[in-house]
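Tertiary structure, described
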Amino acid sequence: MRTSPWSVNRELVMVSGTLCARGHWCRKGAGISQLNQSLDLSTVTGFTDLVTTASRTVRTERASITREAILAAAERLFAEHGVYAVSNRQVSEAAGQGNNAAVGYHFGTKADLVRAIEQKHRVPIERLLARMVSDNTESTDLRDWIACMVCSLTEHLDQLGNPTWYARFAAQALADPAYQKIVVKDALASPSLLRVVEGITRCLPDLPMTVVTERNIMVRNLMMHTCADFERAFAEGAQGSHISSMPRTTWSSVASGLIDAIVGLWQAPITERP
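Residues numbered from 1 in each chain as written. Predicted model: local features only at pLDDT ≥ 70, side-chain atom pairs only at ≥ 80, totals over all residues. Heavy atoms only, no water.

With that settled, consider the overall build of the chain. A count of helices and strands for the chain gives 11 helices and 2 strands. Along the chain, helices (α) and strands (β) appear in the sequence α-β-β-α-α-α-α-α-α-α-α-α-α when read from the amino end. Among the 274 residues that make up the chain, the fraction classed as buried is 36%. For the chain, restricting intrachain contacts to residue pairs at least 6 apart in sequence, the fraction spanning at least 24 positions comes to 69%. (Helix = DSSP H or I, 4+ residues; strand = E, 2+ residues; numbered from the N terminus. Buried < 20%, exposed > 50% of the residue type's maximum accessible area, 1.4 Å probe, protein only. Contact = heavy atoms within 4.5 Å.)

Below is the structure:
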């Protein structure tokens, strides 16, 4: 049987050729060239994706470093001068940012910045408090519950090293009507702190709830302002200043004195109901 030229050509094409983009048969060399170009394009695309991902990671890390620098600068300035007296521009300059709008870009308003500082400390404090509460779940000793509340704060400050700024920052925020609610709201949102209050009220079942509310406010202010005073003294001591007037020199000692005072506050008699 005679073989047609088309059959032979088709077989040759199947072996040595390929289809080009227009559906025409092309030589093998041309097909390989197109394949190589396709592979080159794939390589370039993959490399571009890799560079883009790396660039995005670098930008994210740079933004994270900038945020931390702003938080640290703001906490120190707010602690030293008060929240109201410090502008976002001063915070940006102290954080080494050439752009005066850096605070607004990374955090938004000053209230958002205060909330971010509080949350930065609230997380590790809550972790310590949760651990302490879990160790005292069944306790009926008032001092145990007070110790949970006090030591979660003082241990956090101790772990930060010296100098620290958080106690003074929190004391300043608590004294400012514009920001007091931010600090208090975050603290009251703590499940572990609510368990501490429940533990205290179980130890003092005859204490009216109005008095419980009143003494909670007293305890909060006593804790933060006392810690702020000692924090300032510790910082000045680290700088070589004279602090002999301060009776305690470690956070564990401060905690012990605070626990004694707060236990006495909770157990104080009621001469007139609010």
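Let's pick the thread back up.
One can describe the packing of helix H6 (residues 142-160) onto helix H11 (residues 251-267) by two numbers: an axis separation of 9 Å at closest approach and a directional angle of 145°. Like other packed secondary-structure pairs, H6 and H11 cross with a definite hand, here right-handed. Residues Leu142, Arg143, Ile146, Ala147, Val150, Cys151, Thr154, Leu157 and Asp158 of H6 touch H11, and the partners they reach there are Trp251, Ala255, Ser256, Leu258, Ile259, Asp260, Ile262, Val263, Trp266 and Gln267. Its residues assigned to classes, the contact of H6 with H11 shows 13 nonpolar, 3 polar and 3 charged. (Axes fitted to C-alpha atoms, helices over the stretch in contact; angles between N-to-C directions. Left-handed = near helix turned anticlockwise from the far one by under 90°. Nonpolar A, V, L, I, M, F, W, Y, C, P; charged D, E, K, R; others polar.)

On average, residues of the chain score 83 in pLDDT, and 76% of them reach the 70 mark or higher. This stretch, residues 1-26, has a pLDDT under 50; its non-local contacts, to residues over four places away or in other chains, come to 19 contacts. (pLDDT = per-residue confidence, 0-100.)

Moving on to the packing of helix H5 (residues 110-134) against helix H8 (residues 180-188). Two elements in contact, H5 and H8, have axes separated by 10 Å at closest approach and are oriented at 35°. Both H5 and H8 take part in a crossing whose hand is right-handed. Here H5 contributes Ala111, Val114, Arg115, Glu118, Gln119 and Arg122 to the contact with H8, which in turn contributes Ile182, Val183, Asp186 and Ala187. Of the residues assigned to the contact of H5 with H8, the class counts are 5 nonpolar, 1 polar and 4 charged.

Burial analysis of helix H7 (residues 166-174) places 8 of its 9 residues in the buried class, which makes it a mostly covered element. What H7 keeps buried is the set Tyr166, Ala167, Arg168, Phe169, Ala170, Ala171, Ala173 and Leu174.

Right, let's get into unusual backbone geometry. Across the chain, the bulk of peptide bonds are trans and the bulk of non-glycine residues have phi less than zero. Cis peptide bonds are those with omega within 30 degrees of zero, and the linkage from asparagine 162 to proline 163 qualifies with 5°. By the secondary structure assignment, proline 163 is in the loop between H6 and H7.

Further remarks concern the pattern of salt bridges. For the structure shown, the criterion picks out 9 salt bridges. Two residues, arginine 76 and glutamate 80, come together in a salt bridge whose shortest N-O distance is 3.7 Å. Residue arginine 76 and its partner glutamate 80 are located together in helix H2 (residues 28-81), separated by 4 residues, close to a single helical turn. Looking at arginine 76, the relative accessible area reads 28%, which means it is partly exposed. For arginine 143, the salt bridge goes to aspartate 260, with nearest N and O atoms at 2.7 Å. Taken as a pair, arginine 143 in helix H6 and aspartate 260 in helix H11 lie far apart in primary sequence, 117 residues in all. The exposure class assigned to arginine 143 is partly exposed, which follows from its relative accessible area of 34%. (Salt bridge = Lys/Arg side-chain N within 4 Å of Asp/Glu carboxyl O.)

A word on the packing of aromatic side chains. As enumerated under the stated definition, the model contains 4 aromatic pairs in all. For the pair phenylalanine 78 and phenylalanine 169, a centre-to-centre distance of 6.4 Å together with 25° between the ring planes defines the contact as stacked. You can see phenylalanine 78 sitting in helix H2 and its partner phenylalanine 169 sitting in helix H7, a full 91 residues away along the chain. Under the relative-accessibility criterion, phenylalanine 78 is labelled buried at 0%. On the basis of relative accessible area, phenylalanine 169 is assigned to the buried category, the value being 0%. Ring plane angle 40° and centroid distance 6.2 Å describe the contact between tyrosine 166 and phenylalanine 169, whose orientation is recorded as tilted. Within this pair, tyrosine 166 and its partner phenylalanine 169 are both found in helix H7, separated by 3 residues, close to a single helical turn. Residues tyrosine 166 and phenylalanine 169 agree in their burial class; the two are buried. In textbook terms, an aromatic cluster arises when at least three aromatic residues are bridged by ring pairs, as seen for Phe78, Tyr166 and Phe169. (Phe/Tyr/Trp six-rings, centres within 6.5 Å; stacked < 30°, edge-to-face > 60°.)

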